[in-house]
Amino acid sequence: MKPLPWFNSIQLPLEDVYTRLKMFSRRKTDFRLENDVVDLCDIFESFAKGEDTMTLVEGSPGIGKTTFCLKVAYDWAKEKPGKENLHVLCGLEFVLLLKCRDIEGDLMEAISEQLLPEDMDEKAKDEFIDYIKDVNNQEKVLIILDGLDELPEKSKDHVDKFLNRRMLPFCYVLATCRQERGISVRAEFSFDVLLQIEGFTEENVFKYITKHFENVCPEQALNVEILIQQIQKNASLHALCTNPLNVLLLCVVFEDYEEKLPSSRTKLYQIIVRCLLRRYCAKHNMKASDDDSALEQQFQESLFVLGQLAWECLLTDRHCFPEAELIKFERLNKDLAARFLGLVFKEASLKRIKPQHEYHYLHKTFQEYLASLYLVDLLLKEQKNIFERFELAFCDVVTKYRQVFLFVIGVLEKKASTLFRQIGEVLLSD
């Protein structure tokens with residue numbers, strides 16, 4: 001895995017950096033969370049008994065859902081023995097991990113496109129697909145759907161058919177999604193097991209930090225205790241650390257940003273973006289302003305473009321954009337650095353006919369942060385009523401785009417009254 005998604009040269013074995021996450025079960029009757037911490041091995045033991053074939057794992061942004069899926073697939077592929085490594089999975093013939101955001105047709109097409117080698121013989125492909133379709137084999141197959149909240153609308157019917165057990169009805173299913181999407185998913189489909197990732201325990205936060213510096217930045221390993229002490233002393237910072245993505249970003253900030261640690265998620269993302277801007281300047285022998293505001297002004301147009309694309313993707317239920325959309329902006333400004341800042345990465349198209357390369361954001365939370373910068377710009381500089389412009393309702397603010405608007409408020413700080421005034425107008429008009 002890549003512990004730093006914007007830094008491609010560092011790739012580490014998953015087992016070197018993976019740290020256990022705390023999970024709780026959710027009651028099926030009223031969906032309330034239980035107080036019991038779930039042992040993951042109990043879940044997969046039920047697979048071995050032919051019970052509880054469908055499991056839903058929910059969690060907030062960056063909480064570790066994708067890494068958890070990777071760990072499950074990794075343990076199966078490596079046939080890791082022992083309770084800690086989910087040994088029951090070794091009894092399965094296939095574990096198929098699919099990224100929901102990349103599903104563009106039915107499930108069988110997704111398996112072929114995402115998992116099978118491009119040069120695989122067509123006959124062998126057909127035989128593999130036929131094996132999975134055979135009801136006698138399906139109890140030996142686990143299909144992991146990572147990120148139901150990122151599923152394109154055009155693929156929803158296909159995945160719905162699978163989750164309603166109208167296709168591949170005897171395969172085991174492990175699906176993940178954000179908590180806000182989980183509300184509707186729980187109501188729509190009959191999952192046997194409902195889980196929620198709560199993130200790291202305090203003990204595991206410090207284990208993760210130690211592993212990070214041992215593997216990614218060993219020259220600073222002696223400073224780990226300093227970082228841990230800073231986290232322990234700062235209540236606001238401590239509260240961030242149940243979230244694995246936040247912990248990773250804190251480690252990066254500690255390495256690169258003169259050991260200044262932020263106290264909120266918004267400030268954390270602000271610092272990470274500024275780190276990437278300074279790295280870009282260093283790489284291209286450009287002078288980077290010491291003043292953070294001036295630095296962001298220096299890259300204002302690139303951040304605006306990435307933010308606009310991020311917001312438009314969210315509005316249209318997309319989590320990436322075709323390269324052609326970025327090229328349109330580059331034709332208007334030949335000095336645009338948007339694609340080179342490290343905030344998006346290019347993935348080769350999975351399509352065999354008329355391939356169209358796409359740009360993805362480092363994580364959906366980065367997409368939401370950049371979208372918030374675009375909305376802040378509209379609110380402050382253009383004095384736009386964003387509710388009218390984008391036909392938003394109040395429920396959009398608190399549900400579908402909740403994290404975006406939390407970032408907007410964090411960036412605006414004292415100027416957030418501009419947004420609150422527009423929210424008030426919307427509520428009065430209802």
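In this report, we go over the structure that sits alongside the text. Owing to the predicted nature of the structure, the values given are computational and were not obtained by experimental measurement.

### Comments concerning the sheet that holds strand S2 (residues 33-37)
Working step 1: The strand order S2-S1-S7-S3-S6-S5-S4 describes an open sheet built from 7 strands, whose pairing is mixed. A single partner strand is all that each edge strand has here, and the edge strands are S2 and strand S4 (94-99). Looking at each pair of strands side by side, their axes are set apart by 25° on average, direction ignored.
Working step 2: As paired strands, strand S3 (residues 54-59) and strand S6 (residues 172-178) are joined by 6 bridges and run parallel to one another. Across the sheet, residue Val-57 finds its bridge partner in S6, namely Thr-176.
Working step 3: Sitting on the sheet, helix H4 (residues 107-115) is in contact with S4 and strand S5 (141-146), with an inclination near 90° to S4.

### Structural notes on empty space enclosed by the protein
Working step 1: Counted by the stated rule, this structure contains 1 cavity of 30 Å³ or more.
Working step 2: Put simply, the largest cavity is a space of about 40 Å³.
Working step 3: What lines the largest cavity is simply Leu-148, Leu-151, Lys-156, Val-159, Asp-160, Leu-163, Arg-181, Val-185 and Phe-189.
Working step 4: Those elements that place two or more of their residues in the lining of the largest cavity are helix H6 (156-163) and helix H7 (179-188).
Working step 5: A total of 4 residues in the lining of the largest cavity trace back to one element, the largest contributor, which is H6.
Working step 6: Class assignment of the residues belonging to the lining of the largest cavity gives a composition of 6 nonpolar, no polar and 3 charged.

### Description of the environment of Pro-61
Working step 1: Take Pro-61: it is sitting in the loop between S3 and helix H3 (65-78).
Working step 2: Residue Pro-61 is classed as buried on the basis of its relative accessible area of 8%.
Working step 3: Residues Pro-61 and Arg-178, 117 residues apart in the sequence, show an inter-C-alpha distance of 6.6 Å.
Working step 4: Those residues in contact with Pro-61 that lie beyond four places of it in its chain are Arg-178, Asn-243, Arg-265, His-363 and Thr-365.

What counts, and where the lines are drawn
- Residues numbered from 1 in each chain as written.
- Predicted model: local features only at pLDDT ≥ 70, side-chain atom pairs only at ≥ 80, totals over all residues.
- Heavy atoms only, no water.
- Pairing = 2+ DSSP bridges.
- Helix = DSSP H or I, 4+ residues; strand = E, 2+ residues; numbered from the N terminus.
- Axes fitted to C-alpha atoms, helices over the stretch in contact; angles between N-to-C directions.
- Contact = heavy atoms within 4.5 Å.
- 1 Å grid on protein atoms, 1.4 Å probe; cavity = no way out; pocket = protein on both sides within 12 Å on 5 of 7 lines; lining within 4 Å.
- Points joined across faces, edges and corners; volume = space filled by probe spheres on them.
- Nonpolar A, V, L, I, M, F, W, Y, C, P; charged D, E, K, R; others polar.
- Buried < 20%, exposed > 50% of the residue type's maximum accessible area, 1.4 Å probe, protein only.

No statement about biological role is implied by the geometric values presented.
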